[in-house]
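A look at the structure
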Amino acid sequence: MTSEEIQELNAARESLVKRRREMTRQISEAPLPSVDLAEELTKILIAIEALDRALNEAGHPYMSQGVVEQLKRDS
């Protein structure tokens, strides 16, 4: 897998994580959350897991930028 493909997978994952945050906020604020939101959230979680597996298989497990920066400072 090329470095460009790895970057694309990381960008896709970050985008899905943003959507996951938005959805969890919507669900938590709703007095009666819809089943549709819960189903969409489940699909997003499955997609994030699939991206994580693809990154792991490529030898580039996902790490947040904060973790990467911390590792650089510690070394």
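This report concerns the structure included in the present document. Please read these numbers as outputs of a predicted model, since none were measured by experiment.

By the element assignment, Thr2 lies in the segment before helix 1 (3–29). The partly exposed category is assigned to Thr2, whose relative accessible area is 42%. For the pair Thr2 and Ala58, spaced 56 residues apart in sequence, the C-alpha separation works out to 9.3 Å.

The subject of this paragraph is the layout of surface pockets. Taken as a whole, the largest pocket holds about 160 Å³ of empty space. Lining the largest pocket are Asn10, Glu14, His60, Pro61, Tyr62, Met63, Ser64, Gln65 and Val68. For the lining of the largest pocket, the elements supplying multiple residues, two or more each, are helix 1 and helix 3 (65–74). Along the lines of polarity and charge, the residues of the lining of the largest pocket split into four nonpolar, four polar and one charged.

The next thing to look at is helix 1. Across its 27 residues, helix 1 extends 39 Å between first and last C-alpha, which sits within 8% of the 39 Å expected from 1.5 Å per residue. For helix 1, the full list of buried residues reads Ile6, Leu9, Asn10, Arg13, Val17 and Met23. Where the residues of helix 1 are buried, they touch helix 2 (35–57).

The end-to-end C-alpha separation of helix 2 is 33 Å, in line with the 33 Å expected for 23 residues at 1.5 Å each. Trailing helix 2 by a residue or two, Gly59 shows a phi angle of about 80 degrees, which is positive.

Between side chains of opposite charge, pairing is possible as soon as their charged atoms come close. Under the criterion given, the structure shown has four salt bridges. Across the salt bridge formed by Asp52 and Arg13, the nearest N and O atoms sit 2.5 Å from each other. Highlighted residues: Asp52 in helix 2 and Arg13 in helix 1, separated in sequence by 39 residues. The exposure class of Asp52 is partly exposed, given its relative accessible area of 22%.

The rules behind each value
- Residues numbered from 1 in each chain as written.
- Predicted model: local features only at pLDDT ≥ 70, side-chain atom pairs only at ≥ 80, totals over all residues.
- Heavy atoms only, no water.
- Helix = DSSP H or I, 4+ residues; strand = E, 2+ residues; numbered from the N terminus.
- Buried < 20%, exposed > 50% of the residue type's maximum accessible area, 1.4 Å probe, protein only.
- 1 Å grid on protein atoms, 1.4 Å probe; cavity = no way out; pocket = protein on both sides within 12 Å on 5 of 7 lines; lining within 4 Å.
- Points joined across faces, edges and corners; volume = space filled by probe spheres on them.
- Nonpolar A, V, L, I, M, F, W, Y, C, P; charged D, E, K, R; others polar.
- Expected span 1.5 Å × (residues − 1).
- Contact = heavy atoms within 4.5 Å.
- Salt bridge = Lys/Arg side-chain N within 4 Å of Asp/Glu carboxyl O.

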